[in-house]
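# Geometric and topological summary
Single-letter residue listing:
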Amino acid sequence: MKKYTVTATISTKGRYFTTLSHTIGAIAQQTILPDQLVLFDDNDDAVRKDLRTVSPYNYLFQVLDSKGIKWRVVFGQKIGQLANHQMALDCAETDLIWRLDD
């Protein structure tokens with residue numbers, strides 16, 4: 001049986017301190033882990049943060065690293081989920097895309 005590679009994607013706006021961290025944590029707890037996570041950040045420039053320096057994200061990214069899940073944050077065009085889904089299709093390096101909502 002072929003093992004498919006998977007990219008998990010999250011398109012987020014306005015959820016840094018509500019449900020986004022829970023979604024990333026849930027990805028890290030799956031029985032079968034994705035190969036990578038791409039987080040599309042659609043927040044306005046004035047709101048955007050470098051999540052690598054913000055708790056609990058600094059910890060969550062370390063957990064992803066320890067489990068071998070590559071991750072990256074892509075700043076979206078701020079025109080909605082559909083544009084981010086298209087960017088995921090264009091940039092995915094895996095067989096499958098797992099779209100998640102935070």
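Anyway, here's the lowdown on the structure attached to this text.

Reading the values: rules and limits
- Residues numbered from 1 in each chain as written.
- Predicted model: local features only at pLDDT ≥ 70, side-chain atom pairs only at ≥ 80, totals over all residues.
- Heavy atoms only, no water.
- Pairing = 2+ DSSP bridges.
- Helix = DSSP H or I, 4+ residues; strand = E, 2+ residues; numbered from the N terminus.
- Axes fitted to C-alpha atoms, helices over the stretch in contact; angles between N-to-C directions.
- Contact = heavy atoms within 4.5 Å.

A few words on the sheet that holds strand S4 (residues 96-101). One open sheet accounts for four strands, arranged S3-S2-S1-S4; its pairing is parallel. A single partner strand is all that each edge strand has here, and the edge strands are strand S3 (70-75) and S4. Between one strand and the next, the sheet's axes are offset by a mean angle of 20°, whatever the strand orientation. Sheet analysis places strand S1 (residues 6-12) next to S4, joined by six bridges and oriented parallel. Residue pairing for S4: Thr-9 is matched across the bridge by Arg-99. Contacting S1, strand S2 (36-41) and S4, helix H1 (residues 20-28) runs over the sheet at an angle of about 175° to S1.

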